[in-house]
Amino acid sequence: AKDDPEGAERSRADVGLLVDRRDVAEAAARALLALQPDDRVGLATLAEVQRRNGAIDEAAATAERGLRSHPTDPALQRVRGRVALDQGQTLQALPWLADGTPSSLDSADWAVLALAYAESSSADDWEKGVAAARRGLALDANEMFYYYEKATPVPGDPRLHRALGR
């Protein structure tokens, strides 16, 4: 940690978000940004903490700042998409979520993408939503079904077959 202060702060930021210790995540993000003002992990973490704390406009601005420097960063894309959802802008959220989610191994990210696609009026988007739900289920079927039971089908669930037109 002494030899790599940025790496230590990135790890602290990740752990802080994982266990929903927003104070730890925010402190790590701010420390990281003090070392490197344009750090993508610091900006994505800070934006996510702001979003979780309900500071939606600040989260949008922080994510946008990060995306100007790192336009293809998946974490920044995902948080910007979630902020757009929080603002009631589902159609604007879809491109960010669709670009940022494929690298994620978190079933919750796939559930958010699936639910965003479900809000669309496009049958193609509904199919993409079913595919996103399947991907999330493949990552962690128990967790995703537990938290997203009402919106996300599981294999053998008649909702899946209705969504697929079978």
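Residues numbered from 1 in each chain as written. Predicted model: local features only at pLDDT ≥ 70, side-chain atom pairs only at ≥ 80, totals over all residues. Heavy atoms only, no water.

### Some remarks on the environment of Ile 56
Then, number 1: Along the chain, Ile 56 falls in helix 4 (residues 56-69).
Then, number 2: You can call Ile 56 buried: its relative accessible area is 19%.
Then, number 3: In contact with Ile 56, not counting residues within four places along its chain, are Arg 51, Val 83, Asp 86 and Gln 87. (Helix = DSSP H or I, 4+ residues; strand = E, 2+ residues; numbered from the N terminus. Buried < 20%, exposed > 50% of the residue type's maximum accessible area, 1.4 Å probe, protein only. Contact = heavy atoms within 4.5 Å.)

### Some thoughts on the side chain of Asp 109
Then, number 1: On the secondary structure map, Asp 109 appears in helix 7 (residues 107-118).
Then, number 2: You can call Asp 109 buried: its relative accessible area is 10%.
Then, number 3: Filtering out sequence-adjacent residues up to four positions away, Asp 109 remains in contact with Arg 78, Arg 82, Thr 101 and Ser 104.

### Brief notes about the packing of helix 1 (residues 5-18) against helix 2 (residues 22-35)
Then, number 1: Helix 2 packs onto helix 1 with a crossing angle of 155 degrees between their chain directions and a minimal axis gap of 7 Å. One element, helix 1, and the other, helix 2, form an angle in the roughly antiparallel class. Judged by the twist between their axes, the crossing of helix 1 over helix 2 is left-handed. Contact residues: Pro 5, Glu 6, Glu 9, Arg 10, Arg 12, Ala 13, Gly 16 and Leu 17 in helix 1; Arg 22, Val 24, Ala 25, Ala 27, Ala 28, Ala 29, Ala 31, Leu 32 and Leu 35 in helix 2. (Axes fitted to C-alpha atoms, helices over the stretch in contact; angles between N-to-C directions. Parallel < 35°, antiparallel > 145°, perpendicular 65-115°, else oblique. Left-handed = near helix turned anticlockwise from the far one by under 90°.)

### Describing the layout of surface pockets
Then, number 1: The computed volume of the largest pocket comes to approximately 820 Å³.
Then, number 2: Looking at the lining of the largest pocket, the element that brings in the most residues is helix 3 (residues 40-52), giving 7 residues.
Then, number 3: When the residues that make up the lining of the largest pocket are grouped by side-chain class, the tally is 9 nonpolar, 3 polar and 11 charged. (1 Å grid on protein atoms, 1.4 Å probe; cavity = no way out; pocket = protein on both sides within 12 Å on 5 of 7 lines; lining within 4 Å. Points joined across faces, edges and corners; volume = space filled by probe spheres on them. Nonpolar A, V, L, I, M, F, W, Y, C, P; charged D, E, K, R; others polar.)

### Looking at helix 3
Then, number 1: When the terminal C-alpha atoms of helix 3 are compared, their 18 Å separation across 13 residues agrees well with the 18 Å that a helix rising 1.5 Å per residue should span.
Then, number 2: With 11 of its 13 residues buried, helix 3 lies for the most part within the structure.
Then, number 3: Inspection of helix 3 places Val 41, Gly 42, Leu 43, Ala 44, Thr 45, Leu 46, Ala 47, Glu 48, Val 49, Gln 50 and Arg 51 among the buried residues, and these make up the whole buried set.
Then, number 4: Packing partners of the buried residues in helix 3 comprise helix 1, helix 2, helix 4 and helix 5 (74-86).
Then, number 5: Two or three places before Val 41, at the start of helix 3, stands the capping residue Asp 39, its side-chain oxygen 3.0 Å from that residue's backbone nitrogen. (Expected span 1.5 Å × (residues − 1). Polar contact = N/O pair within 3.5 Å; in protein donor to acceptor, adjacent residues only side chain to side chain.)

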